[in-house]
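Report on the structure
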Number of protein chains: 2
Amino acid sequence: MTARDDELVLLPLGGAGEIGMNFNAYGFGPPDARKWIVVDCGVLFGRETTSPGVDVIMPDIRYLAERRGDVLAIVLTHAHEDHIGAIGHLWPMLRCPLYATPFTARLIEGKLEEAGLRDRVRVRSVPLGGHIDIGPFGIDFVSITHSIPEPNALAIKTPLGTVVHTGDWKIDPDPMLGTTADINALRKLGDEGVLATVCDSTNALVQGHSGSEARVRQALSALIGSLKGRVAVTAFASNIARIDSVAKAAREHGREIALVGRSMHKLVAAAKETGYLADFPPTLDEADAAQLPPRRVCYICTGSQGEPRAALARIAAGDHPNVALGSGDAVIFSSRIIPGNELAIFELHNKLSALGVEVLTEQDHFVHVSGHPCRDELAEMYRWTRPRIAVPVHGELRHMSEHARLARELQVPEAVVVENGHMLRLAPGKAMIVDEVPSGRVHLDGKVLVEEGAGLARARRALGFAGIIAITLVLDSKGRVATDPAFVIDGIPEPVHAAIRDAAAEAIKRHKKGDEEALRESVRRAARRAASDAWGKKPVTRVEIVWV
Amino acid sequence: MTARDDELVLLPLGGAGEIGMNFNAYGFGPPDARKWIVVDCGVLFGRETTSPGVDVIMPDIRYLAERRGDVLAIVLTHAHEDHIGAIGHLWPMLRCPLYATPFTARLIEGKLEEAGLRDRVRVRSVPLGGHIDIGPFGIDFVSITHSIPEPNALAIKTPLGTVVHTGDWKIDPDPMLGTTADINALRKLGDEGVLATVCDSTNALVQGHSGSEARVRQALSALIGSLKGRVAVTAFASNIARIDSVAKAAREHGREIALVGRSMHKLVAAAKETGYLADFPPTLDEADAAQLPPRRVCYICTGSQGEPRAALARIAAGDHPNVALGSGDAVIFSSRIIPGNELAIFELHNKLSALGVEVLTEQDHFVHVSGHPCRDELAEMYRWTRPRIAVPVHGELRHMSEHARLARELQVPEAVVVENGHMLRLAPGKAMIVDEVPSGRVHLDGKVLVEEGAGLARARRALGFAGIIAITLVLDSKGRVATDPAFVIDGIPEPVHAAIRDAAAEAIKRHKKGDEEALRESVRRAARRAASDAWGKKPVTRVEIVWV
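Cut-offs used in this document
- Residues numbered from 1 in each chain as written.
- Chains lettered and ligands numbered in written order.
- Predicted model: local features only at pLDDT ≥ 70, side-chain atom pairs only at ≥ 80, totals over all residues.
- Helix = DSSP H or I, 4+ residues; strand = E, 2+ residues; numbered from the N terminus.
- Buried ≥ 20, exposed ≤ 12 C-beta atoms within 10 Å, placed from the backbone.
- Contact = placed C-beta atoms within 7 Å.
- Nonpolar A, V, L, I, M, F, W, Y, C, P; charged D, E, K, R; others polar.
- Domains from an automatic or database assignment.
- Pairing = 2+ DSSP bridges.
- Least-squares fit on C-alpha atoms with pLDDT ≥ 70 in both.
- Axes fitted to C-alpha atoms, helices over the stretch in contact; angles between N-to-C directions.
- Parallel < 35°, antiparallel > 145°, perpendicular 65-115°, else oblique.
- Left-handed = near helix turned anticlockwise from the far one by under 90°.
- Arc of directions from axis to C-beta.
- pLDDT = per-residue confidence, 0-100.
- Right-handed = clockwise from strand over helix to strand, strands pointing away.

The next thing to look at is the overall build of chain A. What chain A contains, in helices and strands, is 16 helices and 28 strands. Viewed in the frame of its principal axes, chain A has a C-alpha envelope of about 85 × 75 × 50 Å. Out of the 548 residues belonging to chain A, those deemed buried represent 56%. For chain A, the share of sequence-separated contacts (at least 6 apart) that also reach a separation of at least 24 residues comes to 71%.

Encoded structure:
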């Protein structure tokens, strides 16, 4: 039963336009009284180029925060940071229950603990394949495969139809950990009728199939078997199947395992606590592992993306307390390069090479498969679910556009490329954008949340590009210049400083008493122009006035 | 005839440890009276992550500058920026003649013109396959293939043996422009005996062969033939064979050509002036091309690396004066992604997608081949030249290490991985490092040269990361605080400012007169700690004192 003016809408606030920061809201009801559920609440990692000094970026959710009485739940598809990383920061704006399967729930609880929210938030654990009812939404959790335990697609059932929200997924017939994808459930949803499939676009530009973890495991075993010295393998700590693959491959060749890095320990513990890794080999601690002959040890390390404080960066810099690698040893990067991390990773490769360590990566060896669906897999998803509407999400514009093009080729009647903040009505009627709401990005800058639009990161980029001139002028009660000005000049070549000081002094000399604003502006301009003439760059230039 | 204490040494000052900034010096004579020639004088491009506000980076050549009376010549192998880009900046420190083949000479003259040095510098044009004698060095120019007209290997003959300095190269049996590689000359050098081969390492990690331009030309023709709307192709302007390939492919399908971007016009003109592109099709200007039906036009554009001011970035932003692309049009990236440019290029892809433009790249179509030798080609080079010593250059440490490993596998008796500033004695005796000289990087920061070691870029990174607090205190002649301090706070979240001001005021209040340094330091610490407590980051904090 639906009221005549009920609508079902999708409102992406993050992830439509970027790979990361996933945050999708589904609304049901008449336009003036919608009830909302949120699917995923993730972060995007900051970039030194565009947002120096910003660790993580999250969606601007003010639209929902203003309606939080109508936000019934946040449902998490899986535990990657780009799906759960913003919970600790954004939950206080929504204050609704969280729903997730056990492994994800376990990691969310850790996050809430860190944020001091553990006692305030109820995390409701949903069994694999489970069902929950939240207001007008009935949600089936459908097990799928990805690069972390317990990835779920959600079948969101409403009186106006069913949405299949895929989350991050691939089809791995042999995932080595957890169940295979519940293809029967997806087919059954297709048989019953799917209104819309809202789907991962990450690999929409990549032909073929993402490949199976089982083949990676075999290849890692062969590769590790061929190595004579110490072996360290780096992979995402959340890729528990991969960690298990490495451990088993190492054991097959008589190597002991040592986990290195805080998040490696944390994720392996979370997996064990939730029933995974029952046959994971015993691990040595780092110090004991260092006592073994080189060909008897395999380290499994954090730091595959060149993160400067992670285990592998410290090993490469020679300042890890317990792990040292050198000539004859090898490091296997069992991971992809996340775009933007190239230079940091190559620097890490070079540091390892400088130690004499052999570096083996997916560019030269088969040591990694992606966790996201390539085009053949996307085609299968559309064959199973047969939606009326395809809504690509989780991608940059180029991935989503190509994904939509593919969906149309596959005869999906409607394929809509959405943007963050665009409210897409899925039913009734043809899919269409019915509203545009405030959206954007919020930076976690230090420990303060700052709207991207406030321009703070842009202001710091300006400082990073051309430095700063700060001049303080001292005026007496009659508005006359009382003493020499004070200068703070930073980030500007030493030989340019004199020209700046001279130009400011000249401008002050020309000043007649009164009209402080004119004085301030003429000093500012003179100093900035002097820097530009001598240096070719225009620093941030600020002039303050004090009166004595 | 050699004197008993004559030595032949190689001193790389750039390019051993990075792909770029190529600068190699060869010295001959007794250690206290060496004569030098320099091979190549290039730049490295700055990175916003590590050196914000720095356009180009060049080698620190103070060691040679101090001996410039003994530096006899700079010989340029080819005209890429990473081989000739520093001439305008570094020539004044060496003031010796320049030698290059005609196309390279033509471009160097343009650079000298820009640097205001045209009248002071003699550029000596050497014919292809030519020979020059410079002091104890006899140099044969050996034509090779690469991704620019007139690449040369140099056979540097000395009384102590011959060095083959490859420059940048590949083996293209069908380069489509200029001659093929003079393999006979390389073989003949091998027959006569080669002491050392100093060789490009860029693709030492890549199996196989780099491929031929002829195949790219065929593939471009097929691809352009399949497109219906406007086509724009972006490639490096210096890759004249590629520009010619695009033009011919477009003409085959009835499209007119328009060149877009300053360096595209400049490089095509230089090629024509030096005898290349005799059958290049006539080009339309941008405005005329815009009048043609979409399927009759092909733009060839600068901007393949996402450079923000290049033609393609302006087209994608919709603010190019004469070129507009939209739905149904296509852009072909006939180029690789230079590491570090990924995010800028992907942003460009997304902007084009947002316009409805189809984006075609080497990731999904065969539209590019590398100009550098893959492992099979390196093996051929060692078979032809059969050196006693292999010296990998032009690579990061990882490329050079792997290159050396390959050379050893190929039975080269000695393979030496060098670092910038390490002086490698090639003869007499076993190759060994005999000296280490000052080396490093110099930043072109604005228009000022700044030593990397001076820390200016690092200082600006600190500003970019956490902003600045500049405080000016005003003291009277008795050392008492005369008035409220002035604050300049930039790059710090607004809500943190009050805490900084309050903390500084507190510290001032606690001050007893006299001991200005103690006052300055206590205010600095208080302000910085307040920022750190409220924000979690520590800004650059400077306190100045003025007396009235």
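On we go.
Each partner contributes to the interface: chain B provides 59 residues, whereas chain A provides 59 residues. Of all the secondary-structure elements, those providing two or more residues to the side of chain B that touches chain A are helix 11 (342-354), helix 13 (397-409), strand 25 (448-451), helix 14 (456-466), strand 26 (468-475), strand 27 (486-490), helix 15 (494-509) and strand 28 (540-547) of chain B. Split into classes, the residues belonging to the side of chain B that touches chain A amount to 29 nonpolar, 15 polar and 15 charged.

What follows deals with the domain arrangement of chain A. All names here are of chain A. In terms of domain boundaries, chain A breaks down into domain 1 (7-208 + 370-454), domain 2 (213-360) and domain 3 (467-547). Using only C-alpha atoms to locate each centre, domain 1 and domain 2 end up separated by 31 Å. Across the boundary between the two partners, domain 1 contributes 16 residues, which contact 16 residues of domain 2. Per-class residue counts for the side of domain 1 that touches domain 2 are nine nonpolar, three polar and four charged.

Residues and elements named next belong to chain A. Note: strand 22 (residues 422-427) against strand 23 (residues 432-436), four bridges, orientation antiparallel. Each residue of the ladder has a partner; that of histidine 422, found in strand 23, is glutamate 436. Hairpin connection, strand 22 to strand 23: the antiparallel pair is bridged by four residues, and glycine 429 has positive phi, about 80°.

Okay, the relation of the copies chain B and chain A next. The relation between the two chain copies is a rotation about an axis coupled with a shift along that axis. Note on the copies: chain B fits chain A at an RMSD of 0.1 Å, the axial shift is 0.0 Å, and the rotation between them is 180°. Look at the turn and shift together and you get a two-fold axis relating the two. It is Gly464(B) whose C-alpha, among those of chain B, lies nearest the rotation axis, at 2.2 Å. Here 100% of the interface residues in chain B have copies in chain A that are interface residues too; the copies meet face to matching face.

The next thing to look at is the packing of helix 4 (residues 102-114) of chain B against helix 8 (residues 262-273) of chain B. Residue and element names in this part refer to chain B. Between helix 4 and helix 8, the least distance of the axes is 9 Å, while the angle of their chain directions is 135°. The orientation of helix 4 with respect to helix 8, classified from their angle, is oblique. Where helix 4 crosses over helix 8, the handedness of that crossing is right-handed. In contact with Phe103, Arg106 and Leu107 of helix 4, helix 8 contributes Ala270, Ala271 and Glu273. Residues that form the contact of helix 4 with helix 8 fall into these classes: four nonpolar, no polar and two charged.

Take helix 12 (residues 375-385) of chain B next. All names here are of chain B. Every buried residue of helix 12 is accounted for by Glu377, Leu378, Met381, Tyr382, Trp384 and Thr385. Each buried residue of helix 12 lies within a common arc of 165° when the element is viewed along its axis, so the set occupies one face. On its buried face, helix 12 sits against strand 12 (161-165), helix 5 (183-192), strand 13 (194-200), strand 20 (387-393) and helix 13. Arginine 386 sits one or two residues past helix 12 and shows a positive phi near 40°.

A few words now on the sheet that holds strand 13 (residues 194-200) of chain A. Residues and elements named next belong to chain A. Spatially, 9-10-11-12-13-20-21 is the arrangement adopted by the seven strands of the open sheet, whose pairing is mixed. Of all the strands in the sheet, just strand 9 (131-134) and strand 21 (414-415) have a single pairing partner and so form its edges. Where helix 12 (residues 375-385) meets the sheet, it contacts strand 12 (161-165), strand 13 and strand 20 (387-393), and its direction lies at approximately 165° from that of strand 13. Against the sheet, helix 13 (residues 397-409) contacts strand 20 and strand 21, and its axis sits at roughly 160° relative to strand 20.

What follows deals with the sheet that holds strand 25 of chain B. Residue and element names in this part refer to chain B. Reading across from one edge, 4-5-24-25 is the order of the four strands in this open sheet, with antiparallel pairing throughout. Of all the strands in the sheet, the pair left with one neighbour each is strand 4 (44-45) and strand 25. In this sheet, strand 5 (residues 54-59) lies alongside strand 4 in antiparallel orientation, the contact comprising two bridges. Residue leucine 44 lies in a different strand from strand 5, and its bridge partner there is isoleucine 57.

Predicted confidence across chain A gives a mean pLDDT of 96, with 100% of residues reaching 70 or more. ipTM for the predicted complex: 0.90, alongside a pTM of 0.92.

Because the α-helix completes a turn every 3.6 residues, residues three or four places apart line up on one side. Residues and elements named next belong to chain A. Burial runs high along helix 14 (residues 456-466): nine of the eleven residues are buried. Taken residue by residue, helix 14 has Leu456, Ala457, Arg460, Arg461, Ala462, Leu463, Gly464, Phe465 and Ala466 as its buried positions. Of the residues flanking the end of helix 14, it is glycine 467, one or two places downstream, whose phi is positive at about 70°.

A separate point is the pairing of strand 13 of chain A. Of all seven residues making up strand 13 of chain A, six are buried, and the element is well covered by its neighbours. Taken together, strand 12 of chain A, helix 5 (residues 183-192) of chain A and strand 13 of chain A form a β-α-β motif whose crossover is right-handed.

With that settled, consider unusual backbone geometry. Residue Pro428(A) is reached from Ala427(A) by a cis peptide bond, and omega for that bond is 0°. Along the chain, the position of Pro428(A) falls in the loop between strand 22 and strand 23. For Glu150(A), which is not glycine, the phi dihedral falls at a positive 60°. If you trace the backbone, Glu150(A) turns up in the loop between strand 10 (137-143) and strand 11 (152-158). Here Arg386(B), not a glycine, exhibits a phi torsion of approximately 40°, which is positive. Along the polypeptide, Arg386(B) turns up in the loop between helix 12 and strand 20. According to the C-beta neighbour criterion, Arg386(B) is partly exposed, with 19 such atoms within 10 Å.

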